[in-house]
Amino acid sequence: MILPALSPLRRRTSVLNPRTEGIKYAGSKLRMLPHIMKMVGSLDDVYTVLDAFSGSTRVSQALYQSGRYAVTSNDIAVWSEVFATCYLQAPRREAYYRQLIDRLNALPGHEGWFTLHYAPHDDGTPDEEMRKYPFQRKNTMRLDSIRECIAEWRAAGTIDVPTERVLLTSLILALDVVDSTIGHFSSYLKRWSARSYRDLTLRLPRLCYNECWPAASVCRSNVFDLHGEWDLAYLDPPYGSANVKMPSSRVRYAAYYHLWKSVVLNDQPTLFGAAGRREDSRDGISASVFEDFHMGTSGRLKAIEAIERLVQQVKARYILLSYNSSGGRVTREEIQQMLSENGTLMDVMAVDYAHHNMANMFRTRKWCCADRAHQEYLFLLRKE
């Protein structure tokens, strides 16, 4: 569906430092939000915006909170769709959601599928693989009770889809502050983190919906299959690993955040590996062309070919592309050259940015370009 352009006479609000929330996320743009908002806000003829790889949805939240843009939030991850619905489309008053959250917080915990697979045994003995766990048992037992109750309410028609997604967002946010990980679920800490001793407690997410603002759309689609036209498309593709000696699939968001998918779908999937990953998070299944650093037919990396194809294909007059210096093997020069061949490069911004936690791990530093300054780049392109 093509979103209509909004009237330039409508009152516009500038929000350079929006209050967003989300999970710990390797690709989070939390610290980049003021720069993104400033760059988008510099364009007076932009009213409809696509956030094509919305992830934890912080950029979508920020754009929507400005009250200025009709936002389309898209990501292939089912948990990202849940977040976007919660933050951008939940229409009820906060009191309605609070009373449901209070009822969920009052539930006693019990042992279910999540406790069986993601918490230590009752006596604290690890399993035969000596695998560590992301949560303490008391919190997975509460997870099991709360998730089953949400499913029962939805099956009975007690709650609708947007309400279900508000409750699921609340549950994931609560789990995110009691985990024993470095921010993802492909490996776990050897010793319990201090936060893991806290009790799992749901709270109301910071809802953004305002009926007086332009309507937001939520999609869960492969970015190349999107249909629509926008004034501006914000592109923040996944980067994969920069290590030529490792498979190009070494870093996958499907592998990092597989547990959130299981919480949302509640489908009790077949698991594999020491981290208890979903079968559908295997590299051969969840591969993304944007994470592929093999050479393509053009003699360039497949990742840069994919980014160029997307820039050419997406129906937007402006492209704002985010890319970082240590996340992948595609260089700033390659990105800049490619964009210049597909329009007018209006602005380029480089922001010094701290490495995420994985870059501080000894083995990881060998392939995370630790000898270079880590910068996040923003490229603003006007397509011809």
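Just so it is clear, the structure is predicted and the values come from calculations on it, not from any experiment. (Residues numbered from 1 in each chain as written. Predicted model: local features only at pLDDT ≥ 70, side-chain atom pairs only at ≥ 80, totals over all residues. Heavy atoms only, no water.)

**Q** Quick question: what am I supposed to make of the overall build of the protein here?
**A** Helix and strand content of the protein: 13 helices and 9 strands. Buried positions account for 55% of the 384 residues belonging to the protein. Within the protein, counting contacts between residues at least 6 apart in sequence, those at least 24 apart form 76% of the total. Accessible area for the protein stands at about 17,400 Å²; split by element, carbon and sulfur atoms hold 50% of it. (Helix = DSSP H or I, 4+ residues; strand = E, 2+ residues; numbered from the N terminus. Buried < 20%, exposed > 50% of the residue type's maximum accessible area, 1.4 Å probe, protein only. Contact = heavy atoms within 4.5 Å. Areas by Shrake-Rupley, 256 points an atom, 1.4 Å probe, with all protein chains shown as cover.)

**Q** Which parts of the structure should I look at to understand the packing of aromatic side chains?
**A** Ring pairs (aromatic) are described by centroid distance and by the angle formed between their planes. If you walk through the whole model with that rule in mind, you get 13 aromatic pairs. When the centroid spacing of 6.1 Å and the interplanar angle of 35 degrees are considered together, the rings of Phe135 and Phe185 count as tilted. Taken together, the residues span a long stretch of sequence, with Phe135 in the loop between helix H5 (113-118) and helix H6 (137-156) and Phe185 in the loop between helix H7 (161-176) and strand E3 (217-219) at a distance of 50 residues. The class for Phe135 is buried, based on a relative accessible area of 0%. (Phe/Tyr/Trp six-rings, centres within 6.5 Å; stacked < 30°, edge-to-face > 60°.)

**Q** I tried to follow the pairing of strand E4 (residues 230-235) on my own but got confused; where do I start?
**A** Side-chain direction in a regular strand flips from residue to residue, so the side chains alternate between the two faces of the sheet. Of all 6 residues making up E4, 6 are buried, and the element is well covered by its neighbours. The sheet contact formed by strand E1 (residues 48-51) and E4 spans 3 bridges and is parallel. Following the sheet pairing, Leu50 is matched in E4 by Ala233. (Pairing = 2+ DSSP bridges.)

**Q** Looking at this structure, how should I read helix H11 (residues 302-313)?
**A** Side chains of residues three or four places apart in an α-helix project in the same direction, reflecting 3.6 residues per turn. Between the first and last C-alpha of H11 there are 16 Å, a value that for 12 residues agrees with the 16 Å anticipated at 1.5 Å per step. Residues Ala303, Ile304, Ala306, Ile307, Glu308, Leu310 and Val311 constitute the buried set of H11. Of the surrounding secondary structure, the elements contacted by the buried residues of H11 are E4, strand E7 (316-324), helix H12 (332-340) and strand E9 (375-383). (Expected span 1.5 Å × (residues − 1).)

**Q** Which parts of the structure should I look at to understand the nonpolar core?
**A** Nonpolar side chains in soluble globular proteins tend to end up buried together. Of all hydrophobic cores here, the largest spans 71 residues; its most connected members are Trp79, Leu232, Trp260 and Leu320. The leading source of residues in this core is H7, at 8 residues. If sequence neighbours within four positions are ignored, Leu320 has contacts with Ile36, Met39, Val40, Leu232, Ala233, Tyr234, Leu235, Leu378, Phe379 and Leu380. Among the nonpolar cores identified, the runner-up in size contains 29 residues, and Leu50, Phe224, Ile319 and Ile335 belong to it. (Core = buried A, V, L, I, M, F, W, Y, C linked by side-chain atoms within 4.5 Å.)

**Q** Is there a simple way to think about helix H4 (residues 94-105) in this case?
**A** Here H4 contains 12 residues, and its C-alpha end-to-end distance of 16 Å stays within 8% of the 16 Å for a straight helix at 1.5 Å per residue. All of the buried residues along H4 are Tyr97, Leu100, Ile101 and Leu104. Projected onto a plane normal to the axis of H4, the buried residues spread over an arc of 100 degrees and lie on a single side. The exposed set on the far side of H4, more than 90 degrees from its buried face, consists of Ala95 and Asp102. Structurally, H4 contributes buried residues whose contacts are with H6 and H7. (Arc of directions from axis to C-beta.)

**Q** Just to check I follow, could you spell out the confidence of the model for the protein for this structure?
**A** Low pLDDT marks stretches whose predicted atomic positions should not be read closely. Of all residues in the protein, 81% attain a pLDDT of 70 or more, and the chain-wide mean is 85. The low-confidence segment residues 245-250 (pLDDT under 50) makes 10 contacts with residues lying over four places distant or belonging to another chain. Below pLDDT 50 for its whole length, residues 356-372 participates in 26 contacts with residues either more than four positions away or in separate chains. (pLDDT = per-residue confidence, 0-100.)

**Q** How should I be thinking about the pattern of salt bridges in this particular structure?
**A** For side chains bearing opposite charge, pairing can occur when the charged atoms are close. With the rule as written, the count across this model stands at 20 salt bridges. With a shortest N-O distance of 2.8 Å, Lys138 and Asp199 are connected by a salt bridge. With a gap of 61 residues between them, Lys138 in helix H6 and Asp199 in the loop between H7 and E3 connect regions that are remote in the sequence. With relative accessibility at 35%, the residue Lys138 sits in the partly exposed group. (Salt bridge = Lys/Arg side-chain N within 4 Å of Asp/Glu carboxyl O.)

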